[in-house]
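Next come the chains, spelled out residue by residue.
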Amino acid sequence: MAIVLGIDTSCDDTGVGVVEGGRVLANEVESQTALHARFGGVVPEQASREHLSVLDGVVERALRAAGVDLAEIGAVAATRGPGLVGALLVGLSYGKALAWGLGIPFVPVHHLEAHIAAAVSGSGQTPPFLCLIASGGHTSLFVVRDWDAIEQLGRSRDDAAGEAFDKVARLLGLGYPGGPALAALAERGDDRAVPLPVPMRGQQGFDFSFSGLKTAVAVTLEREPDLRPEDVAASFERTVVESLADVTRRAAAHTGLTRVVVAGGVAANRRLRTAIAAAGLEAAFPPPALATDNGAMVALAAERRLAAAAGRQAEALGTDAVPYLPLAAAGTPKAPS
Ligand code: KG4
Ligand code: ZN
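I will try to describe carefully the structure that is included in this document. Just so it is clear, the structure is predicted and the values come from calculations on it, not from any experiment.

Calculation rules
- Residues numbered from 1 in each chain as written.
- Chains lettered and ligands numbered in written order.
- Predicted model: local features only at pLDDT ≥ 70, side-chain atom pairs only at ≥ 80, totals over all residues.
- Heavy atoms only, no water.
- Core = buried A, V, L, I, M, F, W, Y, C linked by side-chain atoms within 4.5 Å.
- Buried < 20%, exposed > 50% of the residue type's maximum accessible area, 1.4 Å probe, protein only.
- Helix = DSSP H or I, 4+ residues; strand = E, 2+ residues; numbered from the N terminus.
- Contact = heavy atoms within 4.5 Å.
- Pairing = 2+ DSSP bridges.
- Axes fitted to C-alpha atoms, helices over the stretch in contact; angles between N-to-C directions.
- Near = heavy atom within 4 Å.
- Polar contact = N/O pair within 3.5 Å; in protein donor to acceptor, adjacent residues only side chain to side chain.
- Areas by Shrake-Rupley, 256 points an atom, 1.4 Å probe, with all protein chains shown as cover.
- Nonpolar A, V, L, I, M, F, W, Y, C, P; charged D, E, K, R; others polar.
- Salt bridge = Lys/Arg side-chain N within 4 Å of Asp/Glu carboxyl O.
- Disulfide = S-S within 2.5 Å.
- Donors = N, O, S within 2.8 Å, 3.2 Å for Na, K, Ca; no water.
- Tetrahedral: all angles 85-135°; square planar, octahedral: opposite > 155°, others 65-115°.
- Phe/Tyr/Trp six-rings, centres within 6.5 Å; stacked < 30°, edge-to-face > 60°.

Here we look at the nonpolar core
Counting residues in each nonpolar core, the largest one holds 43 residues, and the members touching the most others are L130, L132, L172, L182, F236, V240 and L244. With ten residues, the top contributor of residues to this core is helix α8 (residues 229–255). In this view, V240 contacts A161, F165, F210 and L213; residues no more than four positions away in its chain are not counted.

Section: the sheet that holds strand β8 (residues 149–155)
Spatial ordering of the open sheet is given by β8-β7-β6-β9-β10, a layout of five strands whose pairing is mixed. Looking along the sheet, the strands with just one partner apiece sit at the ends: β8 and β10 (282–284). The sheet shows a mean angle of 25° between the axes of neighbouring strands, direction not considered. Sheet contacts for helix α4 (residues 111–123): β6 (129–134), β7 (139–146), β8, β9 (259–263) and β10; angle to β6, the most-contacted strand, approximately 120°.

Digging into the site of ligand 1
Every one of the 17 residues lining ligand 1 counts as a neighbour, but G136, D166, G179, N269 and D293 are closest to it. One nitrogen or oxygen atom from the main chain of G136 is found 2.6 Å from an oxygen atom belonging to ligand 1. Considered on its own, ligand 1 offers 550 Å² of accessible surface; in the complex 86% of this is hidden by protein. Elements with a contribution of two residues or more to the shell around ligand 1: α5 (161–171) and α6 (178–186). Tallied by class, the residues present in the shell around ligand 1 amount to five nonpolar, ten polar and two charged.

Concerning the pattern of salt bridges
Using the criterion set out here, one finds 18 salt bridges in the structure. Its salt-bridge partner being R271, residue D191 comes within 2.8 Å of it at the nearest N-O pair. With D191 in the loop between α6 and α7 (211–223) and R271 in helix α9 (residues 270–278), this residue pair connects regions lying 80 residues apart in the sequence. Relative accessible area serves as the criterion here: at 22%, D191 is assigned to the partly exposed category. Its relative accessible area of 23% is what places R271 among the partly exposed residues. R201 is the salt-bridge partner of D246, the closest N and O atoms lying 2.9 Å from each other. Here R201 lies in the loop between α6 and α7 and D246 lies in helix α8, a separation of 45 residues in the sequence.

Observations concerning the state of the cysteines
In this structure the tally under the stated criterion is zero disulfides. With no disulfide partner, C11 has as its closest neighbouring cysteine sulfur the one in C131, 19 Å distant.

A short note on the coordination of the zinc ion (ligand 2)
Reference values for coordination geometry: four tetrahedral donors around a metal ideally subtend 109.5 degrees, six octahedral donors ideally subtend 90 or 180 degrees. Within the protein, H111 (NE2), H115 (NE2), H138 (NE2) and D293 (OD) serve as the donor atoms for the zinc ion (ligand 2), at 2.1 to 2.5 Å. Because the angles between the four donor atoms bound to the zinc ion (ligand 2) fall within 88 to 167°, the donor set is best described as irregular. Here the donor residues of the zinc ion (ligand 2) are spaced in sequence according to H-x3-H-x22-H-x154-D. A residue pair is termed long-range when its members are at least 10 positions apart, and H115 in helix α4 and H138 in the loop between β6 and β7 qualify at 23 residues. Across the pair, exposure class does not vary: H115 and H138 are buried alike.

Some details on the pairing of β9
In terms of burial, β9 is a largely internal element, four of the five residues being buried. Bridge count for β6 against β9 is four bridges, and the pairing is parallel. The residue bridging L132 from the neighbouring strand is V262, located in β9. Strand direction decides the pairing type here: β9 and β10, joined by three bridges, are parallel.

Overview of the environment of F39
One can find F39 in the loop between α1 (33–37) and α2 (44–66). Each residue touching F39, except ones within four places of it in the same chain, is listed here: Q46 and R170.

Concerning the packing of aromatic side chains
This structure, assessed with the given rule, holds two aromatic pairs. Ring centres of F165 and F236 lie 5.2 Å apart, and the angle between their planes is 75°; this geometry places the pair in the edge-to-face category. With F165 in helix α5 and F236 in helix α8, this pair connects stretches of sequence that are 71 residues apart. Between F208 and F210, the ring centres sit 6.3 Å apart and the planes meet at 15°, which makes this aromatic pair stacked. For F208, a relative accessible area of 0% translates into the label buried.

Digging into the side chain of H51
Locating H51 in the fold gives a position in helix α2. Looking at H51, the relative accessible area reads 0%, which means it is buried. Of the polar contacts made by the side chain of H51, one reaches the backbone oxygen of C11; its length is 2.8 Å. When near neighbours in sequence (up to four residues on either side) are disregarded, H51 contacts T9, C11, D12, D13, T14, Q32, A87 and V90.

See the structure below:
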């Protein structure tokens, strides 16, 4: 089994991982959180520049941590989308050039497929199961029937769940990223004090929506400025979690699956963990280092692709970065027949 180096520069973290046979040898992430904090969110052009200046160093660090020489790498993988196009281009171009220079295969990877691969490898789950990814950039629900049969059941039609946490945290004057700060504040609040509409309640499908909820919080705060921030935080958090848990529970009933792997930054939310368990679902949460954006997940997904292609890896150096990329378009690899 070849050693695979994986790169993710889809958003504001520069991630480089080294993986061999499903084992993570190194997983280095350089976070840009501090850089973007003063703007209250990710500034795309800043993110691209930062990736460009740190990527080489992060690759070196990952190789050192893995105790692996560049010459021992058998394949290079990088995220091609979805994400911020300028940020994606940095990792993708670097990855293609490195693979070309070393004369080894290059594997373009779909960011969400990478999340799923990491969530599963970290949790020890095997298909079939449901996978809920809730982060600052995406909120999606998948049914992973098998490795060559991943189907997206639903996704957010607007803001991601983490993005809603960040925006409401900002309304409450908390820092960025707002999720952890808002969750901490919510612990001291009354989660029934502020009535808020649970998004998409009563819908037939499995989509999410969080921008209306954020607006409802903004309007409420404007109308009732004397509300206790901890009550607003607790009520908002309960509403988001109810929505995530509701849709996941209905998806479980629809598919007959009771195991769910939860990944992404929002998976760290304590109330979400409790709600998923209370829904009678058997939940697995990968360790945070694999649940949030990182390079090892890209290498793990690439390993599966290389194994499925069994040496028939197509010429991939022409791959472009794609900011909006549905998972189906990434062409889930078929096992060789
Ligand atoms: O997966 P992630 O680290 O990065 C990307 O989205 O790329 O997710 C970060 C998101 C942020 O929006 C952050 O506010 C949210 O996850 N988050 C949380 C918690 N911890 C992080 N949201 C709710 N509760 C938490 N405890
Ligand atoms: Zn992500």
